[in-house]
Amino acid sequence: MRYRHLSTAALALGVVALTDVLRVFLPSVITIFGQAATTPAELLGAFALGWFVLALAFPPLVRRLGARPVTLAAAVALGGARLALTAAPGGRTQLWLATAGLLAGLLWLAGAAATIGRPVPGLALGIALGAVGHAVLGTYDLVWRGGPVGWAGSVALVAVFLAATAGPARPAEPGGARAWLLAGPALLLTGLVALSPAVAATAASYWRGPGGGLSWPPEPGDIATLPAWAVGIFLLAALGRPPRGRWRLAGPLALVVGAVLFATGDPGLLGPVVVLTAAGTGACLALAGSAPTVVAPPSVAAGLPAAAAPPATARLSAGAPAAPPSAVAPPATVPPAAPSPGRDPRRAARPGLAAVLGTLLFAVAAVGYYAAYDLGYPNAAVPVAVAALVAAVALGGPRGATSAPPRRWVPGIAVAGGLVVLAATGLPAGVPVPSRPGTPPAAVRVVAYNIRMGYGLDGRFDPDGLARVVARERPDVVVLGEVDRGWLLNGGHDTLALLAARLRMPYVFAPAADPLWGDAVLSRFPVAAARSERLAPAGAPTGAQALGVTVDVGGGVRLAVVATHLQPPPGQEPVAQARAVAGFALRYAAGLPLVVAGDLNTEPGAPGYAEFTRVGLVDALAAARPLPTSPADEPREQIDHVLVSAGVRPAGPVAPRSTASDHLPVAVTLALP
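Owing to the predicted nature of the structure, the values given are computational and were not obtained by experimental measurement. (Residues numbered from 1 in each chain as written. Predicted model: local features only at pLDDT ≥ 70, side-chain atom pairs only at ≥ 80, totals over all residues. Heavy atoms only, no water.)

A. Molecular detail of the overall build of the protein. If you tally the helices and strands in the protein, you get 23 helices and 14 strands. Among the 673 residues that make up the protein, the fraction classed as buried is 55%. Considering only intrachain contacts with a sequence separation of at least 6, the fraction spanning at least 24 residues in the protein is 78%. For the protein, the computed accessible surface area is about 25700 Å², with 65% contributed by carbon and sulfur atoms. (Helix = DSSP H or I, 4+ residues; strand = E, 2+ residues; numbered from the N terminus. Buried < 20%, exposed > 50% of the residue type's maximum accessible area, 1.4 Å probe, protein only. Contact = heavy atoms within 4.5 Å. Areas by Shrake-Rupley, 256 points an atom, 1.4 Å probe, with all protein chains shown as cover.)

And the structure:
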């Protein structure tokens, strides 16, 4: 029993460490190897997938060198890379450290699979623990934080993981290949939606939105409740005894239905999607980890090995009285004995190969899903296909399968309860509600910023740095582009909530590519109304939209703000989208003072830019030209703009220098009529 608990703890903590490395590796491929979106998407995908393909050589290596030494060495390398990433300065150092940590984690996983025949408790607890830690930290993980808190948490995680891994030598438990195969897909589904705190928080904010696919800041209780429910349901489904008969279909069916709803892209369905996929993923893990039952002889049921029980004829010939029928112990069902790994090395190596293949499935599906936003093909079928595969593997086992006795999971269920409590209480509080000033201010300071998902030019995730850049301008209204609210590819962060909390400004968010990616407006003043309009696709990577927000600055004065991020095909002007945004802005403002701001991907005087001036909008940054904003380290193009209607008087336009994003922010003070 002690061995099982120790191996479960080691596996769970290793999954947490590997997840931390993945949260650095995946965005580093985009922001560092990707060279600020100049690297072809095909090359990015090949680089990311190549390391997972290389890991296919690890199971033979484990079989040749032995699982114990390989697992220990890989655990040390994984822990070392995890700590080094906290100290990494960014750039290529971060990229190669994350790559080394990924390879070490995949090698450790192959070694662990060779010795742990019942991986579901460790996998489930590790996935849940990673999700809860992500939620408690407000999706700003320790691996990015540094400082005393970040280092203390990181060192504690690695130390306990290595101590559990270096415990007493484990007796080999070959088996569990089906469960190991689902390790990678389960990481994908839980990180993509099921146990993502950022996705859950975004879903809660859509519940409170004004309609039309907009997201307002939710109440703190709304944010905390959904992740707690998701973690609790997932763990109960994964650690409990799987149902039999037709009820075996319930979990896989819930998973597939949740994936189908997620594929619709409807923001209002995010909440049910989180619950369904959490329950379905946990149930499928439980089904895949169950073992067939066999009828054991009475001696085994009594705790004696079968060879030690003499046959009844031998007892009678020795003069022993025959036991009455009522005294004979009834048959018992026990899991079949695991075969010795020495008898069939190829059979013993199957779990390691299954684990590595599962991580390859994770990488292929993740790259395939998110590459669609660069290459322009439909990606809705990717999560559905992964869910269907998980369901098929889970249901592919013997029908008479059952999990271990429930009492074996009592410690795990106790830990699960603690994780749910953390998920419900550790999330940060919501941003404050603005107060309406009695008299309107003389002017309003507006900042527009393409924040590149919160990643600076060095590839580090740094919401504090972004917030400092914006706060220095003392803005009243902030327009944000490239806002990520939970994409697994970018680390699963809710960048908008992190920035809003640091700036203490409520937000309105409108999706563009999917419910988690789009544009936002933050305001110190109350928002009186909001509306979003999708723009027709122009063969561009991510989608585009126009978000109109009416800001009540007090004294009966209102300001219409339109936020957008135009997405033209490479090398072309966004003429059609610019015309659509200009028309939407005029209709939405309906005579109110108007501001149109964002990354327009067009320069002053270009055809796309001319669509705004043609309808009477004025460049609020014209007095400071030339004012290049991209790229941030050597700005050459002015593609970030603030345009205003006649009667709005701009003053003090600037583009503060910063490398907190690949764009510079633009700021201007506007005197309202």
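Back to the text.
B. Summary view of the environment of Gly591. Along the polypeptide, Gly591 turns up in the loop between helix 22 (575–589) and strand 10 (594–599). Gly591 sits in the exposed class, given a relative accessible area of 78%.

C. Broad picture of a nonpolar patch on the surface. A cluster of nonpolar side chains, namely Val53, Leu56, Leu353 and Leu357, defines an oily patch on the protein surface of about 280 Å² accessible area. Within the secondary structure, Leu357 sits in helix 17 (residues 345–375). (Patch = residues over 30% accessible without salt bridge, like charges linked within 9 Å, V, L, I, M, F, W, Y side chains within 5 Å. Salt bridge = Lys/Arg side-chain N within 4 Å of Asp/Glu carboxyl O.)

D. Local environment of the pairing of strand 9 (residues 557–565). Along strand 9, 7 of the 9 residues are buried, which leaves the element largely enclosed by surrounding structure. Between the antiparallel neighbours strand 8 (residues 545–554) and strand 9 lie 2 residues, among them Gly555 with a positive phi of about 65 degrees. With 6 bridges connecting them, strand 9 and strand 10 associate as parallel partners. Bridge assignment links Val562 to a residue of strand 10, and that residue is Val596. In this fold, strand 9 hands off to helix 22, which returns the chain to strand 10; that crossover is right-handed. (Pairing = 2+ DSSP bridges. Right-handed = clockwise from strand over helix to strand, strands pointing away.)

E. Focus on the packing of helix 14 (residues 270–289) against helix 18 (residues 381–395). Packing of helix 14 against helix 18 leaves a shortest axis separation of 8 Å and a crossing angle of 35 degrees. The chirality of how helix 14 crosses helix 18 is left-handed. Contacts between helix 14 and helix 18 involve Cys284, Leu287 and Ala288 on the former and, on the latter, Val390, Ala391, Ala394 and Leu395. Here the residues of the contact of helix 14 with helix 18 sort into 7 nonpolar, no polar and no charged. (Axes fitted to C-alpha atoms, helices over the stretch in contact; angles between N-to-C directions. Left-handed = near helix turned anticlockwise from the far one by under 90°. Nonpolar A, V, L, I, M, F, W, Y, C, P; charged D, E, K, R; others polar.)

F. Seen up close, the nonpolar core. Trp108, Trp180 and Leu522 are the most contacted members of the largest nonpolar core, which has 134 residues in total. Tallying contributions element by element places helix 1 (residues 2–33) first for this core, with 15 residues. The contact partners of Trp108, leaving out residues within four places of it in the chain, are Ala10, Leu11, Gly14, Val15, Thr71, Ala74, Ala75, Leu78 and Phe161. Of all hydrophobic cores here, the second largest spans 34 residues; its members include Val477, Leu547, Val644 and Leu664. (Core = buried A, V, L, I, M, F, W, Y, C linked by side-chain atoms within 4.5 Å.)

G. Focus on the pattern of salt bridges. Tallied over the entire structure, the rule returns 9 salt bridges. Arg485 is paired through a salt bridge with Asp494; the nearest N and O atoms lie 3.0 Å apart. The class of Asp494 is buried, set by a relative accessible area of 3%. We note a salt bridge from Arg625 to Asp619, for which the minimum N-O separation is 2.3 Å.

H. Summary view of the packing of aromatic side chains. Within this structure, the stated rule accounts for 18 aromatic pairs. The interplanar angle of 45 degrees and the centroid separation of 6.4 Å between the aromatic rings of Phe52 and Phe362 together place this pair among those described as tilted. Remark: Phe362 occurs in helix 17 and Phe52 occurs in helix 2 (residues 41–54); sequence separation between them is 310 residues. Arranged with centres 5.8 Å apart and planes meeting at 70 degrees, the rings of Tyr140 and Phe461 form a pair that is edge-to-face. Residue Tyr140 is located in the loop between helix 6 (120–136) and helix 7 (142–145), and its partner Phe461 is located in the loop between strand 3 (444–450) and helix 20 (463–471); the two are separated by 321 residues in the primary sequence. Considered together, Tyr140 and Phe461 belong to a single accessibility category, that of buried residues. (Phe/Tyr/Trp six-rings, centres within 6.5 Å; stacked < 30°, edge-to-face > 60°.)

I. The arrangement of helix 23 (residues 607–614) in detail. All of the buried residues in helix 23 are Gly608, Tyr609, Glu611 and Phe612. For helix 23, the buried positions fall inside an angular range of 145 degrees around the axis, keeping them on one side. For helix 23, the secondary structure elements touched by its buried residues are helix 22, strand 10, strand 11 (618–619) and strand 12 (640–644). Just past helix 23, the residue Gly616 takes up positive phi, approximately 100 degrees. (Arc of directions from axis to C-beta.)

J. Region of the structure containing the side chain of Ser196. As for its position among the elements, Ser196 is in the loop between helix 10 (183–194) and helix 11 (197–207). Those residues in contact with Ser196 that sit more than four places away from it in its chain are Thr190, Gly191 and Gly486.

K. Quick look at the sheet that holds strand 10. Strand order in this open sheet of 6 strands is 7-8-9-10-12-11, and the pairing throughout is mixed. Each edge of the sheet is formed by a strand with only one pairing partner; in this case those strands are strand 7 (527–534) and strand 11. Pairing analysis gives 5 bridges linking strand 10 to strand 12, with the strands arranged antiparallel. In the sheet register, Val595 faces strand 12, and the bridge partner there is Val644.

L. Representation of helix 10 within the structure. Its 12 residues give helix 10 an end-to-end C-alpha distance of only 14 Å, which falls more than 12% under 16 Å, the value for a rise of 1.5 Å per residue. The element helix 10 is extensively covered by neighbouring structure, given that 12 of its 12 residues are classed as buried. Taken as a whole, helix 10 has its buried residues at Ala183, Gly184, Pro185, Ala186, Leu187, Leu188, Leu189, Thr190, Gly191, Leu192, Val193 and Ala194. (Expected span 1.5 Å × (residues − 1).)

M. Looking closely at the confidence of the model for the protein. Taken residue by residue, the protein gives an average pLDDT of 85. The fraction at 70 or more is 81%. Segment residues 293–343 is flagged for pLDDT under 50; beyond a separation of four residues in sequence, or across chains, it makes 37 contacts in the model. Contacts for the low-pLDDT stretch residues 401–408, under 50 throughout, to residues beyond four places or in other chains number 21 contacts. (pLDDT = per-residue confidence, 0-100.)

N. Focus on the environment of Ala623. Along the chain, the position of Ala623 falls in the loop between strand 11 and strand 12. Residues Ala623 and Val654 lie 31 residues apart in sequence; the distance between their C-alpha atoms is 9.6 Å.

O. Seen up close, the pairing of strand 3. Where burial is concerned, most of strand 3 is hidden: 7 out of the 7 residues are buried. What you see with strand 3 is no split at all: Val444, Val446, Ala448 and Asn450 on one side and Arg445, Val447 and Tyr449 on the other are buried throughout. Bridging between strand 3 and strand 4 (residues 477–484) involves 5 bridges; their strand directions are parallel. Each bridged residue has a counterpart across the sheet, and for Asn450 the counterpart in strand 4 is Gly481. For the handedness criterion, the β-α-β arrangement of strand 3, helix 20 and strand 4 is classed as right-handed.

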